[in-house]
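Listed here are the chains, written in short residue letters.
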Amino acid sequence: MCGIVAYIGPREAYPVLLKGLKRLEYRGYDSSGVALLNNGLKVYKKKGKVAELEESLVGKDLHAHAGIGHTRWATHGEPSDRNAHPHQSANGKLAMIHNGIIENYAQLKNELLKKGYSFKSDTDTEVLLNFIEDIQINNDCGLEEAVRIALKRVVGAYVIVLLDEDNPDTIIAARKGSPLVIGVGKGEHFLASDASPIIEYTKEVVYINDYELAIIKADELVLKNLGNEKITPFVQKLDMELAAIEKGGYDHFMLKEIFEQPDTIFDCLRGRLDIINNTITMAGVQNNIEQLKNANRIIIIACGTSWHAGLVAEYIIEELCRIPVEVEYASEFRYRNPVVHKGDVIIAISQSGETADTIVAIDKAKEQGAFIFGVVNVVGSSIARISHAGAYTHAGPEIGVASTKAFTAQLVVLTMIALKIAKEKNSINEERYAHLINELHNIPEKVKEVLLINDVVKNIAVKYKDATDALYLGRGYNFPIALEGALKLKEISYIHAEGYPAAEMKHGPIALVDENLPVVFVATKDIYHEKIISNVQEIKARKGKIIAVISSGDEIIPAMANDVMIVPEADEIVAPIISVIPLQLLSYYIGIAKGCDVDKPRNLAKSVTVE
Ligand code: M6R
């Protein structure tokens, strides 16, 4: 939620900020702005996408060697020029960008109003900034000291980055609960919400931890805690290439990421799955195998698409490991009073590793003694760091707001985890274990095969683009895929869609079915196949339009369906990894046919770092 970028050094700051904002736009895109130190502080901001800001600045003198930039996903205050960041303090000397929410902003605002402050925006950010300015004036102290004092009063989550007109050679940043990476160049520093704006200039990075303050000059990086004690920065090497964050010839990141899946799944399996010796190597699982295989219960916590991966994992782990599994929305788990015991294992699933609800839910489970295993895509992210152990999904940077390749990589990792635990627990026989290893090994090739139906799906999409509603139905392992298909359609094309277990349809949703309703069946060959054929018949009898994802060789469903998307046959445990792909393509092409901005759907942002 919100992207931030900053630069200090010998380069021209504005082009660095602009490029960075374009890379971070997936995090929020309702307004954007920059502040530059150029003979005083200059602040420019604009409602709309970064391109609109860029256009509004053509012809302006933007020369500066220090600057901050922000692309916003609104929380406090509507998207508008005045609510866009950076904000300027009342005396005009400070500029600040912020990612997060200041929960006690109303109280701080009241205090400032009583002191005569007035506000130009509706944001919590401007309140915090003026609070900092007020401390600076009253305590007659420097900005660093004022920020430290202010943050001790702040309740909420933040990354803040400040420029000070009186100290043009210094940028000050602080973090709690939102991500911040510092790129360390030669005589220059870069700051950003993730590594994408930095990668082209340096691969040396420092991840800032909660309650840390960074005092950054072109050639110096000082880290301190809120107690003013120095911390030695831990410089890491980024394992990411520039090509990974560019579109590489595709019209949209979403399409690129869908088509990357044979490679990302291969990368996820590489070095882990050994089909010659029938082994799975995952240090995070192996080193904690006693804890995992003896778990009384596994609780999976996640949000959105990651939660759907958790639902598939529930079926797989219970089937293979015979350990009871519960799947919780992180946002519910964190606020109720869940029963968690020492012997419980939490599997936290997150692409970004920065989802606020998931982070707080982990903290809560940790306090109650649970063991936390993270399944995360972004290396070095908050969830990766707060988990006791974990496994990365290695899907590479996912820029499209709709999660695609991260989801299939999550399914692959979770299946490997389940298989490894089952093997150690002896809850799976040799033959089934070897068969599933082989099935996983074959997935990248099968995904390549699915992608060959791209044009078929594109044509189907055009037929259904004007639908106002859609129903997605599946059974067993494919039920969460029905949920995921419906979520993708909603996000990308704004068509109302619902996912249901196919049999549950009779308990209500069937009332919606008429000749205008597209009903998407995820009906690959598995033990439920005959049952789902009956469900297809029930929809056909009510004249619903049937679109079905089916396995090759199925001759029954094509005779009943209006449209079919054929995928290769696979064991039911790995089938979801394949059956979701036509649904990703379907939502993409419906979104395109409707003229939607599929990489930046309205109201959404890639990583939800606010609750
Ligand atoms: O980064 P996370 O996996 O924790 O994100 C969770 C959800 O916000 C995310 O999956 C969201 O639902 C996507 N937009 C789905 O496409």
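Residues numbered from 1 in each chain as written. Predicted model: local features only at pLDDT ≥ 70, side-chain atom pairs only at ≥ 80, totals over all residues. Heavy atoms only, no water.

Let's talk about the pairing of strand S10 (residues 189-192)
Consecutive residues of a regular strand have side chains that alternate between opposite faces of the sheet. Here is the rule: For every residue, the accessible area (1.4 Å probe, protein chains only) is compared with the maximum for its type, and the residue is labelled buried under 20%, exposed over 50%, or partly exposed between those bounds. The way it works is that DSSP assigns letters per residue, a run of H or I at least four long becomes a helix, a run of E at least two long becomes a strand, and they are numbered from the N terminus. Two strands are counted as paired when DSSP detects at least two bridges linking them.
Judged by which residues are buried, S10 turns out to be covered on both faces: His-189 and Leu-191 on one side and Phe-190 and Ala-192 on the other are all buried. Counting the residues in the hairpin turn of strand S9 (residues 181-184) and S10 gives four residues, including Gly-187, whose phi is positive at 70°.

Remarks on the packing of helix H16 (residues 454-464) against helix H20 (residues 575-593)
Put simply, the test is: Orientation is described by lines fitted to C-alpha atoms, with helices fitted over the stretch in contact, and by angles between N-to-C directions that extend from 0 to 180 degrees. Oblique is the label for any angle not under 35 degrees, not over 145, and not in the 65 to 115 range, which are roughly parallel, roughly antiparallel and roughly perpendicular in turn. By convention the crossing between two helices is left-handed if the near helix lies anticlockwise of the far one by an angle smaller than a right angle, and right-handed if it lies clockwise. By definition in these notes, contact holds between two residues if any of their heavy atoms fall within 4.5 Å. Gly is placed with the polar residues, together with every amino acid not listed as nonpolar (Ala, Val, Leu, Ile, Met, Phe, Trp, Tyr, Cys and Pro) or charged (Asp, Glu, Lys and Arg).
With their axes 8 Å apart at the nearest point, H16 and H20 run at an angle of 50° to one another. Between H16 and H20, the interaxial angle falls into the category oblique. In this structure, H16 meets H20 at a crossing whose hand is right-handed. Listed contacts from H20 to Asn-454, Val-457, Lys-458, Ile-460, Ala-461 and Tyr-464 of H16 are Pro-582, Leu-585, Leu-586, Tyr-589 and Ile-590. Grouping the constituent residues of the contact of H16 with H20 by class yields nine nonpolar, one polar and one charged.

Quick look at the nonpolar core
To keep things clear, this is the line we draw: The criterion is simple. A nonpolar core is a set of buried Ala, Val, Leu, Ile, Met, Phe, Trp, Tyr and Cys residues joined through side-chain atoms within 4.5 Å. Source of the domain bounds: an automatic or database domain assignment.
In terms of nonpolar packing, the biggest core is built from 96 residues, with Ile-317, Leu-320, Ile-347, Phe-373 and Tyr-472 touching the most fellow members. Counting residues per element, this core draws most heavily on helix H14 (residues 405-425), at 12 residues. Domain assignment of the residues forming this core places at least three in each of domain 2 (250-449) and domain 3 (452-611). In contact with Ile-317, not counting residues within four places along its chain, are Ile-298, Ile-300, Arg-322, Ile-323, Val-325, Ile-347 and Ala-418. By size, the runner-up hydrophobic cluster in this structure holds 34 residues, among which are Leu-24, Val-50, Ala-192 and Ile-245.

Concerning the domain arrangement of the protein
How big an interface is tends to be reported as the loss of accessible area on association of its parts. Which entries qualify depends on this criterion: Buried area is a sum: the accessible area each of two parts loses on coming together, probed at 1.4 Å, counted once for each and added. Whenever a carboxyl oxygen of Asp or Glu lies within 4 Å of a side-chain nitrogen of Lys or Arg, that contact is scored as a salt bridge. Identification of polar contacts relies on pairs of N or O atoms within 3.5 Å, with a donor-acceptor requirement for protein atoms, meaning one able to donate a hydrogen and the other able to accept it, and with residues adjacent in sequence counted only if both atoms are side-chain atoms.
The domain boundaries assigned to the protein delineate domain 1 (3-243), domain 2 (250-449) and domain 3 (452-611). At the interface, 14 residues of domain 1 touch 12 residues of domain 3. Note on domain 1 versus domain 3: buried area summed over both sides is about 1,000 Å², and carbon and sulfur give 55% of it. A per-residue breakdown of the area domain 1 buries against domain 3 is headed by Tyr-26, Tyr-29 and Trp-73, which together make up 49% of the total. Taken together, the links from domain 1 to domain 3 amount to two salt bridges. Note that Lys-49 is salt-bridged to Asp-597, the shortest N-O span being 2.7 Å. For the pair domain 1 and domain 3, the interface holds five residue pairs in polar contact (both at pLDDT 80 or more). A per-class count over the side of domain 1 that touches domain 3 returns five nonpolar, five polar and four charged.

Focus: the sheet that holds strand S20 (residues 344-350)
Taken together, the five strands give an open sheet; going across it, the order is S19-S18-S20-S21-S22, and neighbouring strands pair in parallel fashion. A single partner strand is all that each edge strand has here, and the edge strands are strand S19 (325-329) and strand S22 (389-392). In this sheet, neighbouring strand axes are inclined to one another by 20° on average, regardless of whether the strands run parallel or antiparallel. Note that strand S18 (residues 297-302) and S19 share five bridges and pair parallel. The residue of S19 that forms the bridge with Ala-302 is Tyr-329. Contacting S18, S19 and S20, helix H10 (residues 304-321) runs over the sheet at an angle of about 175° to S19.

Details of the environment of Asn-426
Examined against the element boundaries, Asn-426 turns out to sit in the loop between H14 and helix H15 (430-451). Residue class for Asn-426 comes out exposed when judged on its relative accessible area of 67%. Along the backbone, Asn-426 and Lys-293 are 133 residues apart, and their C-alpha atoms lie at a distance of 9.8 Å.

What about the sheet that holds strand S23 (residues 469-474)?
Spatial strand order, S24-S23-S25-S26-S27: five strands in an open sheet with parallel pairing. Because the sheet does not close on itself, it has two edges, and the strands there are strand S24 (496-501) and strand S27 (563-567). Strand-to-strand, the axes of this sheet are offset by a mean angle of 15°, without reference to chain direction. Relative to S24, S23 runs parallel, the two being bridged by six bridges. The residue of S24 that forms the bridge with Leu-473 is Tyr-500. Against the sheet, H16 touches strand S25 (518-523), strand S26 (545-551) and S27, its axis set at about 155° to S27. Along the sheet face, helix H17 (residues 479-493) touches S23, S24 and S25 and points at about 175° away from the line of S24.

Structural notes on helix H18 (residues 529-541)
We apply this condition: By this rule, a helix spans an expected 1.5 Å times one less than how many residues it contains. Each direction from the helix axis to a C-beta atom contributes to the arc, which is the arc of those directions.
With 13 residues, H18 extends 18 Å between its outermost C-alpha atoms, agreeing within 8% with the 18 Å of an ideal straight helix rising 1.5 Å per residue. Where H18 is concerned, the buried positions are His-529, Ile-532, Ile-533, Asn-535, Val-536 and Ile-539. The arc that holds every buried residue of H18, seen down its axis, measures 160°, which confines them to one face. Away from its buried face, by an angle of more than 90 degrees, H18 presents the exposed residues Glu-530, Lys-531 and Ala-541. Following H18 by one or two positions, Lys-543 has its phi on the positive side, about 70°.

Observations regarding the pattern of salt bridges
Here the idea is simple: oppositely charged side chains can pair when their charged atoms come close. Considering all chains together, one arrives at 34 salt bridges under this definition. Linking Asp-134 and Lys-115 is a salt bridge whose minimum nitrogen-to-oxygen distance equals 2.5 Å. Taken together, the residues Asp-134 in helix H4 (residues 124-139) and Lys-115 in the loop between helix H3 (105-114) and H4 connect sequence positions 19 residues apart. Between Lys-488 and Glu-484 there is a salt bridge whose closest N-O contact spans 2.6 Å. You can see Lys-488 and its partner Glu-484 sitting in helix H17, four residues apart, about one turn around the helix. An identical accessibility class is assigned to Lys-488 and Glu-484; each is buried. Ionic contacts of the salt-bridge type, sharing partners, join the residues Glu-144, Glu-145, Arg-148 and Lys-224 into one network.

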